[in-house]
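Here is what each chain is made of, one letter per residue.
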Amino acid sequence: MFSIGPALHTSRVDLVYDLKQQSGDAAGADRLARFFAPRHCLVMAQIALSLMLLFSAGLFFRGALRASALDPGFEPAGGVVAELDFSLAGTGEPAAKRAMFAALDQVRALPGVTGAALATLLPYGNISSQTRLVPAAAPTVTDPTAADPGVNANNASITPGYFETIGVRLLRGRDFSPGETSDKAAPRVAIVDELLAKQLFPTGDALGQRIRYTQPPADGSPSEMEIVGIVAEHRHGISTKRRSGLFFVPLAQAYSADVFLHTRFATKDPATTAAAVEQVRSALRALDPGLPVLQIQPFTRVLESNLALWIRQIGAVLFGLFGGIALVLAVVGVYGVKAYALARRT
């Protein structure tokens, strides 16, 4: 863009006229005026912009390093994740549940497997599902213009063994029972992480307390439930800002046709885990070749392909590349301006 003007001017130059009319720069010309000549100002602006790009690259790079160094609070090494979406095949809820639990039993029988579970939400999976919760004793807000009370929480429905499978400690209470996971009419129960427990009950123990949704479920199911377990705090994504707590209910209480099948192997070796992906794939095919399996991958790859982390990494690369190119052009510009000024003075 900056070279268009000089190029057009040079293409219409009258050499004889210019030689007669244009004089060289006087050696004693005003130093301040020469310093702030338009060409000098343009080069200074170019250097400033290139440095801004380089500083931006540094910020993105620092953000990527911080995100990579965050402790997620769970153990991805040794885990394999398979996504099954029964809505693609139009499978009804009863048949889909039977297929889900059959797939779960199938991978549990694989050699080297130490745990397996289903969940409707994947940590670092670029998707979140949130709801708002309040203690059951909190007054109901009837004013439609009032702000929605309660605490925001990422929610998921799971099967027993989920926390053990992904490497999250159960601090107090118990896990869900098989009956609560399969029977929609079972008493309503929930498990929360430490962060959500403190947000809901800052002055007391959340275990055994009753909570409810601020908005009743659309299917008319009960809104109130009992907290039967508290797990260690762990991350759903890489955000370093104020995070939402995590809230879990049995799979039967919040059915979803799209689920993630987590499988934990005894080894944490990346090569062995990569080979285990084929074991899981073969086991699911042997169970039913028509299972709607979208993807199967090591859990570590899920973290590496996180969208927020990828944006930081690609931002660092792009800003660094463009900043470096801009700085080289600025250096060439400085040389050109000084060479031009020297030639005019000569």
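Just so we're clear, the structure is a prediction, and the values are computed from it rather than from any experiment.

**Q** How do you make sense of the overall build of the protein when you look at a structure like this?
**A** Tallying secondary structure elements over the protein gives eleven helices and eleven strands in all. At 31 Å, the protein has a C-alpha radius of gyration far larger than the 20 Å of a compact globule built from 346 residues. For the protein, the spread of C-alpha atoms along the principal axes amounts to about 100 × 55 × 35 Å. Burial status across the protein gives 38% buried among its 346 residues. For the protein, the share of sequence-separated contacts (at least 6 apart) that also reach a separation of at least 24 residues comes to 81%. When the accessible surface of the protein is totalled, it reaches about 19100 Å², and 61% of it is carbon and sulfur. Side chains of the protein give 32 positive and 28 negative charges; the mean places of these two sets differ by 11 Å.

**Q** What is the right way to look at the side chain of Glu 83 in this model?
**A** Checked against the element boundaries, Glu 83 lands in strand E1 (residues 79–85). Look past the residues within four positions of Glu 83 in its chain and what remains in contact with it is Asp 258, Val 259, Phe 260, Pro 292, Val 293, Leu 294 and Gln 295.

**Q** What exactly am I supposed to notice about the pairing of strand E9 (residues 245–250) here?
**A** When a strand is regular, its side chains alternate between the sheet's two faces. For E9, the buried fraction is high: six of the six residues fall into the buried class. Alignment of strand E4 (residues 151–158) against E9, held across six bridges, turns out to be parallel. Bridge pairing in E9 links Ile 158 to Pro 250. One ladder, built from two bridges, connects strand E6 (residues 189–193) with E9; its direction is antiparallel. Directly across from Ile 191, in E9, lies its bridge partner Phe 248.

**Q** Explain the pattern of salt bridges to me, please; I cannot follow it from the model alone.
**A** In a structure, side chains of opposite charge can pair up when their charged atoms sit close to one another. Evaluation of the coordinates by the stated rule reveals seven salt bridges. Among the ionic pairs, Asp 205 bridges to Arg 172, the shortest N-O distance being 3.1 Å. You can see Asp 205 sitting in the loop between helix H8 (194–200) and strand E7 (210–213) and its partner Arg 172 sitting in strand E5 (residues 170–173), a full 33 residues away along the chain.

**Q** Where do I start with helix H9 (residues 270–287) in this structure?
**A** Every α-helix carries 3.6 residues per turn, so stepping three or four residues along brings you back to the same face. Taking 1.5 Å of rise per residue, 18 residues should cover 26 Å, and H9 covers 26 Å from first to last C-alpha, within 8% of that figure. Here the buried face of H9 lies against E1, helix H5 (93–108), strand E10 (258–265) and strand E11 (293–298).

**Q** Hey, could you run me through the packing of aromatic side chains in this one?
**A** To describe a pair of aromatic rings, you give the distance between the ring centres and the angle between the ring planes. Evaluated as defined, the whole model comprises six aromatic pairs. Ring geometry for Tyr 162 and Phe 163: centres 5.4 Å apart, planes at 70 degrees, overall edge-to-face. An aromatic cluster of three or more residues is present, and its members are Phe 74, Tyr 124 and Phe 299.

**Q** I'm lost on the pairing of E7 in this one. Help?
**A** The sheet contact formed by strand E3 (residues 130–135) and E7 spans three bridges and is antiparallel. Bridge pairing in E7 places Val 134 opposite Arg 212. Two strands pair when backbone bridges link them, and E7 and strand E8 (residues 224–231) are joined in this way by three bridges, in the antiparallel orientation. Counterpart to Ile 211 in the pairing with E8 is Met 225.

Definitions and cut-offs
Residues numbered from 1 in each chain as written. Predicted model: local features only at pLDDT ≥ 70, side-chain atom pairs only at ≥ 80, totals over all residues. Heavy atoms only, no water. Helix = DSSP H or I, 4+ residues; strand = E, 2+ residues; numbered from the N terminus. Rg over C-alpha atoms; globule rule 2.2 N^0.38 Å. Buried < 20%, exposed > 50% of the residue type's maximum accessible area, 1.4 Å probe, protein only. Contact = heavy atoms within 4.5 Å. Areas by Shrake-Rupley, 256 points an atom, 1.4 Å probe, with all protein chains shown as cover. Lys, Arg positive; Asp, Glu negative; His and termini not counted. Charge placed at Lys NZ, Arg CZ, Asp CG, Glu CD. Pairing = 2+ DSSP bridges. Salt bridge = Lys/Arg side-chain N within 4 Å of Asp/Glu carboxyl O. Expected span 1.5 Å × (residues − 1). Phe/Tyr/Trp six-rings, centres within 6.5 Å; stacked < 30°, edge-to-face > 60°.

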